[in-house]
Structures are given as structure tokens and as C-alpha cells.
Amino acid sequence: MLPSPLAIDVRRGAVASLGTLLADRRIATEGRIAVAVGPGQGAQIAADLDLPNCEVFHVEEGTVDAATELGKKLRSGAYEAVAGIGGGKTIDVTKFAATMAGIPMVAVATNLAHDGIASPVSSLEHEGGKPSIGVIMPIAVVIDVDYVHAAPSHLVRSGIGDVVSNISAIEDWELAGRVNGEPVDGMAVTFARVAAEAVLHRPDSVESDAFLTVLAEGLVLSGMAMSVAGSSRPASGACHEILHAVTQLHPGVSNHGELAGLGALYASFLRVRHLGWSEPRMNEIRDCLVRHELPVVPSDVGLDEEAFARAVARAPGTRPGRFTILEHLNLSEDEIGRSVKDYVEAVGR
């Protein structure tokens with residue numbers, strides 16, 4: 001059976017329907033609901049909700065410890081369901097906690113920064129890094145366009161980089177299929193590709209309700225692709241290996257989606273140079289990133305070429321066992337340095 005949310009509500013004023021959604025007996029039969037809110041708009045949304053019997057928990061950090069603590073509270077309180085309201089960290093913490101407690105979770109997103117809204121994965125910080133942890137997929141997703149408009153615009157643009165990076169991730173997965181015989185799920189590929197293509201050529205921007213709706217649906221579809229695949233494979237390849245390496249070496253230098261788009265464009269350049277991939281296709285990705293003011297070269301995120309090359313060299317170690325263009329080419333450090341220099345010259349603004 002195809003895993004999918006019970007409901008997906010993307011529109012202005014969508015949060016007003018949350019109370020009705022949580023009263024759905026398929027989610028909670030007796031109305032014992034918990035709400036986890038982040039430090040941004042989540043608290044305001046929770047205050048505006050007409051949910052007199054719910055208990056509100058505040059999520060301050062996106063860590064394994066915070067998620068574990070919330071999971072213990074949900075389990076001891078015998079809650080039937082939990083709504084996670086906020087950005088990516090809050091939703092990831094709530095997904096993990098709901099999995100611990102064995103209860104359904106509703107994701108209420110206040111921004112569109114990445115595709116974790118409806119994915120079966122939580123990316124949480126701990127002393128060993130920021131691994132992707134398998135969790136239950138949200139039973140429903142609510143995205144209120146009013147709140148998305150109120151979020152910082154760079155967070156919304158970030159989601160564009162993440163969903164467009166699916167194109168690169170799919171190429172990596174299919175490369176692993178050809179070279180190593182890795183099984184490739186056609187349905188998951190279709191979901192991930194449709195999500196990326198829906199955004200890639202749109203001429204409008206994050207100021208448009210229509211664009212935000214398509215972006216939100218694309219990010220949810222990416223999450224469903226990962227659920228179908230049983231892993232992050234359809235939305236995470238060399239692009240995400242590079243972003244995780246940059247994050248490890250230079251914490252706080254940029255955000256997830258911006259780095260995913262940059263990583264996808266660099267990986268596409270490698271395919272053009274070494275595998276004969278279509279250069280116009282690479283340029284479509286570049287043009288989309290530029291159109292939405294997203295990074296395309298290392299200096300756009302405050303890194304010099306040497307720092308980015310070190311991240312590329314480190315990238316395969318962030319996802320042991322995952323085969324991408326980086327593992328396939330297995331370039332030396334000198335070769336990586338030269339490729340980064342050539343990449344900047346080829347795609348720089």
C-alpha cells in the first residue's frame with residue numbers, strides 16, 4: 001500500500017482547520033492531543049488555536065536529546081497524537097518524539113525551507129554530527145501560506161534549492177543502479193522528479209501564492225518519494241553529501257536548502273565533464289537557482305574554492321555506503337581542487 005498522508009492542506013488560512021483535523025477519529029478518538037511548538041511562529045499559532053484540551057510543549061533545539069525528552073513526555077502523558085508546529089527543526093524533533101511514543105503526528109509547517117515536512121526522516125544534532133534518522137511519516141500536513149509569507153524569505157527560497165536538488169539525487173541513484181546493480185524504485189523516482197520539475201521552470205517567485213503552493217506540494221511529494229523508497233535516496237545524493245560536509249567543516253555558513261542546490265549544481269558539472277551529461281540540463285538548474293537568488297558558487301556562501309574543495313573531498317564519508325558521482329569518479333584532492341576552479345569559471349554569475 002502506498003504510504004501517504006491522510007490529509008494535505010496548503011492554502012491561506014489552513015491553520016484554522018487544524019482543530020477539525022485533529023478531531024478526526026482516525027487521528028485521535030478521545031481528543032488527547034499534544035502540540036509541540038518552535039521558537040518562531042509556532043507559539044503564536046498554538047495560541048490562536050481552539051484546542052482547549054491540548055497540552056503545549058516548547059521545542060527550543062533540534063537535537064536528539066530534545067526529541068528524546070519530548071518523546072518521553074508524550075509517552076508518559078498517554079497522548080493519542082501530536083502536532084508539530086514550526087520550522088524544520090521543530091517538525092524533525094516532533095516526528096522523532098511521535099515515533100518514540102508510537103502515536104500519529106501532524107506536521108504544521110511555518111516555512112518551506114526543506115523537504116523534511118512530510119519525510120520519514122529526522123535530521124537531528126548530537127555530539128557525533130547530524131545524522132538522518134528513520135521515523136514515522138506525518139499522518140497529515142498543514143501549510144498555511146499566510147504564515148509562509150511571514151517567514152524570512154531566504155528560508156522559503158531554501159526550499160527551492162532542496163527540491164530542485166532531487167534532479168541530481170535521481171541521477172546518482174540511477175548511476176548506482178547501472179554501475180552497482182542497486183535497486184531503483186520507479187515510483188519514488190517519479191515522485192521526486194515531478195516535485196523538482198514543477199518548480200524548475202516556473203517564472204514566478206516566492207512572493208506568489210501560486211508558486212508557494214507548488215513549492216509546498218513539491219516538498220511534500222519529495223517526502224512521499226522517500227517514504228516509498230524506504231530511504232532518502234530519491235532526494236539525497238552527492239548534493240547532500242556535500243552539504244553535510246560543508247556543515248561539518250563550517251557550521252552555520254549557510255542553510256540546508258541553499259547548500260543542497262549548490263551541491264546539486266556542482267555534481268551536475270561533474271556529470272557534464274566526466275559522463276557526457278547534458279550541459280543545457282545543468283544550465284536549467286543554474287538558471288533556477290540564480291532566478292531565486294540562491295548560491296551557485298562557493299563564494300555565495302562565504303567559502304573560498306579551497307574550503308569548498310575540502311568539503312567535496314570529505315563528502316563521501318558523510319554517507320558511508322551511498323554511491324554517487326563522487327564515489328564513482330573517486331577524484332584525488334588535486335583533481336577536486338582543479339574541478340572546483342573550473343566549476344566556478346563555468347557557472348559563476
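In what follows, the structure referred to is the one given above.
These numbers come from a predicted model, not from an experiment. (Residues numbered from 1 in each chain as written. Predicted model: local features only at pLDDT ≥ 70, side-chain atom pairs only at ≥ 80, totals over all residues. Heavy atoms only, no water.)

Draft legend 1. How the structure looks around the overall build of the protein. The secondary structure content of the protein amounts to 15 helices and eight strands. Against the globule reference of 20 Å for 349 residues, the protein gives a C-alpha radius of gyration of 20 Å, in line with a compact fold. For the protein, the spread of C-alpha atoms along the principal axes amounts to about 60 × 40 × 40 Å. Looking at the protein as a whole, 56% of its 349 residues qualify as buried. Here the protein holds 28 positive side-chain charges and 44 negative ones, and the gap between their average locations is 2 Å. (Helix = DSSP H or I, 4+ residues; strand = E, 2+ residues; numbered from the N terminus. Rg over C-alpha atoms; globule rule 2.2 N^0.38 Å. Buried < 20%, exposed > 50% of the residue type's maximum accessible area, 1.4 Å probe, protein only. Lys, Arg positive; Asp, Glu negative; His and termini not counted. Charge placed at Lys NZ, Arg CZ, Asp CG, Glu CD.)

Draft legend 2. How the structure looks around the environment of Val214. The topology assignment puts Val214 in helix α9 (residues 209–229). Using a relative accessible area of 18% as the deciding quantity, one classes Val214 as buried. Sequence separation between Val214 and Ala198 is 16 residues; the distance between their C-alpha atoms is 6.9 Å. When sequence neighbours within four positions are dropped, the list of residues in contact with Val214 reads Ala198, Val199 and Arg202. (Contact = heavy atoms within 4.5 Å.)

Draft legend 3. Representation of the packing of helix α6 (residues 153–164) against helix α8 (residues 186–200) within the structure. Two elements in contact, α6 and α8, have axes separated by 8 Å at closest approach and are oriented at 130 degrees. Compared by their axis directions, α6 and α8 come out oblique. α8 is crossed by α6, and the crossing has left-handed handedness. Between α6 and α8, the residues in contact are Ile160, Val163 and Val164 and Ala195, Ala196, Val199 and Leu200, respectively. Residue classes in the contact of α6 with α8 are distributed as seven nonpolar, no polar and no charged. (Axes fitted to C-alpha atoms, helices over the stretch in contact; angles between N-to-C directions. Parallel < 35°, antiparallel > 145°, perpendicular 65-115°, else oblique. Left-handed = near helix turned anticlockwise from the far one by under 90°. Nonpolar A, V, L, I, M, F, W, Y, C, P; charged D, E, K, R; others polar.)

Draft legend 4. How the structure looks around the packing of aromatic side chains. Counting across every chain of the model gives four aromatic pairs. Ring geometry for Tyr266 and Phe308: centres 5.5 Å apart, planes at 90 degrees, overall edge-to-face. With Tyr266 in helix α11 (residues 256–275) and Phe308 in helix α13 (residues 305–314), this residue pair connects regions lying 42 residues apart in the sequence. On the basis of relative accessibility, which here comes to 0%, the residue Tyr266 falls in the buried class. Phe308 gets classed as buried once you look at its relative accessible area, which sits at 0%. For the pair Tyr266 and Tyr343, a centre-to-centre distance of 5.4 Å together with 90 degrees between the ring planes defines the contact as edge-to-face. Of this pair, Tyr266 sits in helix α11 while Tyr343 sits in helix α15 (residues 333–347), and the two are 77 residues apart along the sequence. Look at Tyr343 and you get buried, because its relative accessible area is 0%. Through a chain of ring-to-ring contacts, three or more aromatic side chains come together here, namely Tyr266, Phe269, Phe308 and Tyr343. Between Arg32 and the ring centre of Tyr79, over which it is positioned, the NZ or CZ distance is 5.1 Å. (Phe/Tyr/Trp six-rings, centres within 6.5 Å; stacked < 30°, edge-to-face > 60°. Lys NZ or Arg CZ within 6 Å of the ring centre and 35° of its normal.)

Draft legend 5. Structural detail: the sheet that holds strand β3 (residues 55–58). The sheet built from six strands is open, its strands ordered β1-β8-β5-β4-β2-β3 with parallel pairing. Each of the sheet's edge strands pairs with one partner strand only, and the pair in question is β1 (7–11) and β3. Pairs of neighbouring strands in the sheet enclose a mean axial angle of 15 degrees, with direction left out of account. The sheet contact formed by β1 and strand β8 (residues 140–144) spans five bridges and is parallel. Note that in β8 the partner of Arg11 across the bridge is Asp144. (Pairing = 2+ DSSP bridges.)

Draft legend 6. Inspection of the side chain of Ser17 at higher detail. If you trace the backbone, Ser17 turns up in the loop between β1 and α1 (18–22). Among the polar contacts made by the side chain of Ser17, one reaches the main-chain carbonyl oxygen of Ala14 at a distance of 2.6 Å. Ignoring anything within four residues of it in the chain, the contact list for Ser17 reads Asp9 and Arg11. (Polar contact = N/O pair within 3.5 Å; in protein donor to acceptor, adjacent residues only side chain to side chain.)

Draft legend 7. The arrangement of the pattern of salt bridges in detail. In total, this model carries 13 salt bridges according to the counting rule given. For Asp92, the salt bridge is made with Lys95, and the minimal N-O distance between the two is 3.5 Å. One end of the pair, Asp92, and the other, Lys95, are both in helix α4 (residues 88–101), three residues apart, so they sit about a helical turn from each other. Taking relative accessible area as the criterion, Asp92 reaches 5% and is therefore assigned buried. (Salt bridge = Lys/Arg side-chain N within 4 Å of Asp/Glu carboxyl O.)

Draft legend 8. Examining α15 more closely. Over its 15 residues, α15 runs 21 Å from end to end, which matches the ideal 21 Å to within 8%, given 1.5 Å per residue. When α15 is considered as a whole, its buried residues turn out to be Ile336, Ser339, Val340, Tyr343 and Val347. Buried residues of α15 fall within an arc of 105 degrees about the axis and therefore sit on the same side. Counted as exposed and oriented over 90 degrees from the buried face of α15: Asp334, Arg338 and Glu345. (Expected span 1.5 Å × (residues − 1). Arc of directions from axis to C-beta.)

Draft legend 9. Representation of the packing of helix α7 (residues 166–180) against α8 in the model. In the contact formed by α7 and α8, the axes pass within 9 Å of each other and the chain directions differ by 150 degrees. On the basis of the axis angle, α7 is roughly antiparallel to α8. You can see that α7 and α8 cross each other, and the crossing is left-handed. On the side of α7, the interface is formed by Asn166, Ile167, Ile170, Trp173 and Glu174, while α8 contributes Ala188, Val189, Ala192, Arg193, Ala195, Ala196, Glu197 and Leu200. Residues of the contact of α7 with α8, tallied by class, amount to nine nonpolar, one polar and three charged.

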